[in-house]
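Descriptive analysis of the structure
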Amino acid sequence: MDKNSKIYVAGHRGLVGSALVKVLNQAGFLNVIGRTHSEMDLANQRDVIHFFESEKPDYVFLAAAKVGGIHANNTYPAEFIFSNLQIQNNIIDASYRYGVKKLCFLGSSCIYPKFAKQPMDEGQLLEGKLEPTNEPYAVAKIAGIVMCQSYNRQYGTDYISVMPTNLYGPGDNYHPENSHVLPALIRRFHEAKAQNLSEVVIWGTGNPLREFLYSEDMARACLFLMQNYDVKGDPKGGEHVNVGSGIEVSIRELAETVKTVVGYTGNLTFDLTKPDGTPRKLLDVSKLHRMGWKHEVELKEGVTRAYQDFLEKQRN
């Protein structure tokens, strides 16, 4: 990638997209472009074709997607599969038609089977049934992987796919009802501190293990892979790559970390009548480590940065 190359970040205002813009700029890539939804509807093929025809980007990071928690996935399954298929189909095909040199498609760890062996390596894709609550979203992401591989095989393109673990950081969603676990905990401990509540109650035992990666680390991994992972000429179209920290923490440890960062001094209580969910969910990132990339931001530092972002949003 040349420093003067035109780089399009689809979803440049999102959690990963905004981190990508920041990391690219820091690395000296200053010709980075994006479009808001009001400027271009990525689900509209005509809009996307017009953009690629006029801008002709050299490289594309496909970080745009319709995302949400369990409630949103259960309530709007048709929207999740339809919108995500439209977005990725339009961008991947337009990238081919207008000569994009390389594309990075961002997926999700939910592509793996519900009962995949832990840690989950790339070879477990399509080896079992998906988690029903987010199956439409997962199927769309799997289709994106296969579409990139298919274009590579048929047209000789160099489109790579990356599958991130649980991400967090600046620009995250802190909504009280549909945010993910880490930003949800930040909000809950902050509000408990502000309201001087005596305790914060967490569902389950606190024993389930999860993996987290700071959004700017994810962006750095994407840039690293765009510069170092070449799938062009692979007869199978190239395998996707897991991206994570390779470190797991219990929900209890996560809650204790957030409590410390926020400065909440009340009690942490676990409601044992509530379900724990999946006992363990960890990506096998040995493939990425062998290439020479590892994360930089450890959990406590990342949570501290995320909390500062939350406070800034509260002030604004």
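Residues numbered from 1 in each chain as written. Predicted model: local features only at pLDDT ≥ 70, side-chain atom pairs only at ≥ 80, totals over all residues. Heavy atoms only, no water.

1. Re the overall build of the protein chain
Across its full length, the protein chain holds ten helices and twelve strands. For 316 residues, the compact-globule estimate of 2.2 N^0.38 gives 20 Å, and the protein chain sits close to it at 20 Å. Structurally, the protein chain occupies a C-alpha span of about 60 × 45 × 40 Å along its principal axes. Per-residue burial over the protein chain gives 50% buried out of 316 residues. Counting contacts in the protein chain only where the partners sit at least 6 residues apart, residues at least 24 apart contribute 81% of the total. Total accessible area computed for the protein chain in this model is approximately 15,000 Å², and 48% of it derives from carbon and sulfur atoms. (Helix = DSSP H or I, 4+ residues; strand = E, 2+ residues; numbered from the N terminus. Rg over C-alpha atoms; globule rule 2.2 N^0.38 Å. Buried < 20%, exposed > 50% of the residue type's maximum accessible area, 1.4 Å probe, protein only. Contact = heavy atoms within 4.5 Å. Areas by Shrake-Rupley, 256 points an atom, 1.4 Å probe, with all protein chains shown as cover.)

2. What about the side chain of aspartate 309?
Structurally, the position occupied by aspartate 309 is in helix α10 (residues 299–315). Here aspartate 309 falls in the buried class, since its relative accessible area comes to 11%. Aspartate 309 has contacts with Gly169, Pro170, Gly171, Asp172 and Tyr174, leaving out every residue within four places of it along the chain.

3. Digging into the environment of valine 32
By the secondary structure assignment, valine 32 is in strand β2 (residues 32–33). Excluding its chain neighbours within four sequence positions, the residues that come into contact with valine 32 are Ile7, Val9, Val21, Leu24 and Asn25.

4. What about helix α5 (residues 135–155)?
With 21 residues, α5 extends 29 Å from end C-alpha to end C-alpha; this agrees with the ideal 30 Å at 1.5 Å per step. Burial in α5 covers these residues: Pro136, Tyr137, Ala138, Ala140, Lys141, Ile142, Gly144, Ile145, Met147, Cys148, Tyr151 and Asn152. (Expected span 1.5 Å × (residues − 1).)

5. Some points on the environment of valine 9
Relative to the helices and strands, valine 9 is located in strand β1 (residues 7–10). We classify valine 9 as buried; its relative accessible area is 0%. Remark: the alpha-carbon pair of valine 9 and glycine 28, spanning 19 residues in sequence, is separated by 15 Å. Beyond its immediate sequence surroundings of up to four residues, valine 9 is in contact with Gly17, Leu20, Val21, Leu24, Val32, Ile33, Gly34 and Phe61.

6. Here's the deal with the sheet that holds β2
Strands in a sheet are paired, the pairing made by backbone hydrogen bonds, and the direction either parallel or antiparallel. With respect to topology, six strands assemble into an open sheet ordered β2-β1-β3-β4-β5-β9, the strand pairing being parallel. Single-partner strands in this sheet number two, and they are β2 and β9 (241–243). Sheet topology places strand β4 (residues 102–106) next to strand β5 (residues 159–164); four bridges connect them, and they run parallel. Across the sheet, the residue bridging to phenylalanine 105 is serine 161, located in β5. Docked against the sheet, helix α1 (residues 15–26) engages β1, β2, β3 (59–62) and β4, running at close to 160 degrees with respect to β1. (Pairing = 2+ DSSP bridges. Axes fitted to C-alpha atoms, helices over the stretch in contact; angles between N-to-C directions.)

7. Section: the environment of asparagine 152
Looking at the secondary structure, you find asparagine 152 in helix α5. With 81 residues separating them in the primary sequence, asparagine 152 and glycine 233 have C-alpha atoms 7.6 Å apart. In contact with asparagine 152, not counting residues within four places along its chain, are Thr157, Asp158, Tyr159, Val231 and Gly237. Polar contacts involving the side chain of asparagine 152 include one to the main-chain carbonyl oxygen of glycine 237, which spans 2.8 Å. (Polar contact = N/O pair within 3.5 Å; in protein donor to acceptor, adjacent residues only side chain to side chain.)

8. Observations concerning unusual backbone geometry
A cis amide bond links glutamine 118 to the next residue, proline 119, at an omega of -10 degrees. For proline 119, the position within the fold is in the loop between β4 and α5. Although it is not a glycine, leucine 126 adopts a positive phi angle of roughly 65 degrees. Within the element layout of this structure, leucine 126 appears in the loop between β4 and α5. We classify leucine 126 as exposed; its relative accessible area is 61%. Positive phi, normally seen in glycine, also occurs at asparagine 196, with a value near 55 degrees. Along the chain, the position of asparagine 196 falls in the loop between α6 (181–194) and β7 (199–203). For asparagine 196, a relative accessible area of 70% translates into the label exposed.

9. Examining the pairing of β7
Here β7 shows one buried face, formed by Val200 and Ile202, and one open face, formed by Glu199, Val201 and Trp203. With five bridges joining them, β7 and strand β11 (residues 267–271) adopt parallel strand pairing. By the bridge assignment, glutamate 199 is partnered in β11 with asparagine 267.

The values reported here are purely geometric and, on their own, carry no functional implication.
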